[in-house]
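The primary structure of each chain is shown beneath.
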Amino acid sequence: AYQRAVIDIDGDGLDDLLLPEPDGHRAVLQRRGEKGTNWETSRVLSLPPRRVPASDEEKLDLARVRKRARFWEKLPEFEKARTGAIPRAPLVAVEDVTSKAQLIDFDGDGRRDLVARDPFELMIWSAPGAGAGGDPDRRFEAPVVADRSRATDLAYGSHFLDLDGDSRCDAVIFASDRRADDPRTQVLIFLQSEQRNGSASPLFGDKGIPAQLLVLAGFTGGAHFRDIDGDGRPDLAMGALRPDIIDSLRGQAKDVTEVEFYVYLNNGRGFSKAPDLKRELELEIQGLRGLAGGFVARFCGDFTGDGTAELVVRDREERLRVYWTRKDRSGNLSIFDKPLWEFRIDKDAQLEEIDATANEKAGLLVVDSAQVLMLRFAE
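Parameters at a glance
- Residues numbered from 1 in each chain as written.
- Predicted model: local features only at pLDDT ≥ 70, side-chain atom pairs only at ≥ 80, totals over all residues.
- Heavy atoms only, no water.
- Helix = DSSP H or I, 4+ residues; strand = E, 2+ residues; numbered from the N terminus.
- Contact = heavy atoms within 4.5 Å.
- pLDDT = per-residue confidence, 0-100.
- Buried < 20%, exposed > 50% of the residue type's maximum accessible area, 1.4 Å probe, protein only.
- Pairing = 2+ DSSP bridges.
- Axes fitted to C-alpha atoms, helices over the stretch in contact; angles between N-to-C directions.
- Phe/Tyr/Trp six-rings, centres within 6.5 Å; stacked < 30°, edge-to-face > 60°.
- Lys NZ or Arg CZ within 6 Å of the ring centre and 35° of its normal.
- Salt bridge = Lys/Arg side-chain N within 4 Å of Asp/Glu carboxyl O.
- Core = buried A, V, L, I, M, F, W, Y, C linked by side-chain atoms within 4.5 Å.

### Re the environment of Phe336
At step 1: Note that Phe336 resides in the loop between strand S25 (333–335) and strand S26 (341–344).
At step 2: Put simply, Phe336 and Val322 are 14 residues apart on the chain and 10.0 Å apart in space, counted from C-alpha to C-alpha.
At step 3: Phe336 has contacts with Arg279, Tyr323, Trp324 and Arg326, leaving out every residue within four places of it along the chain.

### Examining the confidence of the model for the chain
At step 1: This prediction gives the chain a mean pLDDT of 79; 77% of its residues lie at or above 70.
At step 2: Averaged pLDDT values over the elements of the chain bottom out at 38 in strand S6 (residues 62–63) and peak at 94 in S25.
At step 3: For the stretch residues 51–74, pLDDT sits under 50, and the model shows 67 contacts to residues farther than four places along the chain or on other chains.

### What about the pairing of strand S23 (residues 319–323)?
At step 1: Among the five residues in S23, four count as buried, and that is most of the element.
At step 2: Inspection of the sheet shows strand S22 (residues 311–316) paired to S23 by four bridges, in the antiparallel sense. Bridging from a neighbouring strand, Leu311 pairs with Tyr323 of S23.
At step 3: Once S22 ends, the chain turns through two residues before running back antiparallel as S23.
At step 4: Strand direction decides the pairing type here: S23 and S26, joined by four bridges, are antiparallel. From the neighbouring strand, Arg319 faces S26, where its bridge partner is Arg344.

### Comments concerning the sheet that holds strand S14 (residues 170–176)
At step 1: Here four strands make up an open sheet; going across it, the order is S13-S14-S15-S16 and the pairing antiparallel. Each edge of the sheet is formed by a strand with only one pairing partner; in this case those strands are strand S13 (157–161) and strand S16 (212–217). Neighbouring strand axes in the sheet, compared pairwise and without regard to direction, differ in orientation by 15 degrees on average.
At step 2: In the sheet, S13 pairs with S14 via five bridges, with the strands oriented antiparallel. In the strand pairing of S14, Ser158 is matched with Ile173.

### Quick notes on the packing of aromatic side chains
At step 1: Per the stated rule, a full pass over the model turns up six aromatic pairs.
At step 2: Here Phe106 and Phe140 contribute two aromatic rings whose centre-to-centre distance is 6.2 Å and whose plane-to-plane angle is 15 degrees, an arrangement assigned as stacked. With Phe106 in the loop between strand S9 (101–104) and strand S10 (113–117) and Phe140 in strand S12 (residues 138–141), this pair connects stretches of sequence that are 34 residues apart.
At step 3: The exposure class assigned to Phe106 is buried, which follows from its relative accessible area of 1%.
At step 4: Considering the side-chain rings of Trp341 and Phe343, the 5.4 Å spacing of their centres and the 10 degrees angle between planes classify their relative orientation as stacked.
At step 5: Take Phe343: its relative accessible area is 26%, and that puts it in the partly exposed class.
At step 6: The ring of Tyr323 has Arg279 sitting right over it, with the charged end atom 4.8 Å from the ring centre.
At step 7: Geometry around Trp324 places Arg326 over its ring, the cationic atom sitting 5.3 Å from the centre.

### Quick look at unusual backbone geometry
Working note: non-glycine residues mostly have negative phi, and peptide bonds are mostly trans.
At step 1: One non-glycine residue, Val144, lies in the positive phi region at around 55 degrees.
At step 2: In this structure, Val144 sits in the loop between S12 and S13.

### Some remarks on the pattern of salt bridges
At step 1: Taken as a whole, this structure holds 21 salt bridges when the rule is applied.
At step 2: Between Arg31 and Asp12 there is a salt bridge, with its nearest N and O atoms 3.4 Å apart. A residue pair is termed long-range when its members are at least 10 positions apart, and Arg31 in strand S3 (residues 24–33) and Asp12 in the loop between strand S1 (6–7) and strand S2 (16–21) qualify at 19 residues.
At step 3: When salt bridges with common partners are traced through the structure, they connect Glu282, Asp315, Arg316, Arg319, Arg321 and Glu342 into a single cluster.

### Notes on the sheet that holds S22
At step 1: Strand order in the open sheet made by the four strands is S21-S22-S23-S26, with antiparallel pairing throughout. The open sheet has two edge strands, strand S21 (297–299) and S26, and neither has a second partner. On average, each strand axis in the sheet is inclined to that of its neighbour by 20 degrees, with strand direction left out of account.

### Thoughts on the nonpolar core
At step 1: By size, the foremost hydrophobic cluster in this structure holds 19 residues, and its most contacted members are Phe261, Val263, Ala297, Phe299, Leu311 and Val313.
At step 2: Contributions of two or more residues to this core are made by strand S18 (235–241), strand S19 (256–264), strand S20 (277–284), S21, S22 and S25.
At step 3: With sequence-adjacent residues up to four places away left out, Leu311 is seen in contact with Phe261, Ala297, Arg298, Phe299, Arg321, Val322, Tyr323, Thr325 and Ile335.
At step 4: Of all hydrophobic cores here, the second largest spans 16 residues; its members include Val187, Ile189, Tyr264 and Phe271.

Spelled out as structure tokens, the structure:
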């Protein structure tokens with residue numbers, strides 16, 4: 001299920017649908033009246049084609065490059081360490097995906113806009129509603145272009161959210177450092193509040209220079225944003241595999257490996273320069289694929305009511321654990337060694353977060369072939 005498709009697009013309090021299509025996204029708006037509920041379909045919010053230079057070997061000079069390929073890699077060394085044999089299955093599986101769009105107030109005018117990033121540009125449809133459709137209202141060149149050399153960059157990704165509380169859209173871009181000898185990931189933070197008036201882009205400025213740059217050693221994944229310490233600002237959490245992970249697995253009999261999990265707290269101008277919290281997790285090698293977009297380790301809201309977000313870890317395909325996050329009087333975070341709660345799930349189960357409401361705490365939705373479970377902590 002694509003949970004992000006269900007969203008209130010036009011701000012009337014009713015859930016609408018934002019459906020991905022080959023050429024863009026289609027908004028389907030819910031309407032209620034005396035005769036019941038009906039659905040109003042808008043035009044496609046199109047991702048227009050872009051002319052790209054052709055190489056000597058290629059004849060195509062006009063391509064729809066709004067899509068991006070997601071690669072799932074099955075490394076022989078991982079499988080050999082786990083099973084003792086080199087797998088015969090394909091090493092790389094390619095899945096074609098389109099840009100995800102999200103609703104966020106881009107310019108701070110109090111109205112939510114539709115924002116999407118393609119390999120080259122950031123596109124904005126202003127306050128989409130019943131009449132929305134067609135090409136984006138505004139388009140800006142985006143930094144760290146997702147060209148062909150980025151096709152197998154598992155760290156690459158763009159996130160749009162308000163980081164500094166000025167009600168405007170900021171951006172965080174993850175990308176592998178291609179100039180480094182050893183694997184490492186760069187985290188580029190862009191703030192609208194740091195750009196001068198009249199810049200080529202209100203978010204990326206004239207030259208695409210970030211307001212802050214973080215560098216992490218190794219392969220990274222599972223990046224997400226959540227208010228972890230309870231101060232109302234989104235913090236950054238992500239996992240990292242050390243650079244020598246493949247060498248360490250050679251000849252190893254165990255089917256598990258260690259992953260470093262980091263938390264960078266939001267200071268109102270970006271994130272801390274060094275991790276505010278580190279946690280070592282022992283994960284099944286088979287589950288490392290989840291770091292590229294699945295549910296492996298995430299802070300999922302305040303389950304206990306103490307103001308901090310709890311860490312949920314799926315360290316085995318069939319096991320889910322919740323760890324208690326605590327903050328001391330000095331504001332330092334720590335995570336209990338023993339899980340607060342443990343639950344057995346189906347190995348093919350899908351997990352979704354349930355946000356807290358005025359009357360209920362945050363929770364989890366566990367969906368498998370036989371049942372749907374809603375998990376929440378009692379008072």
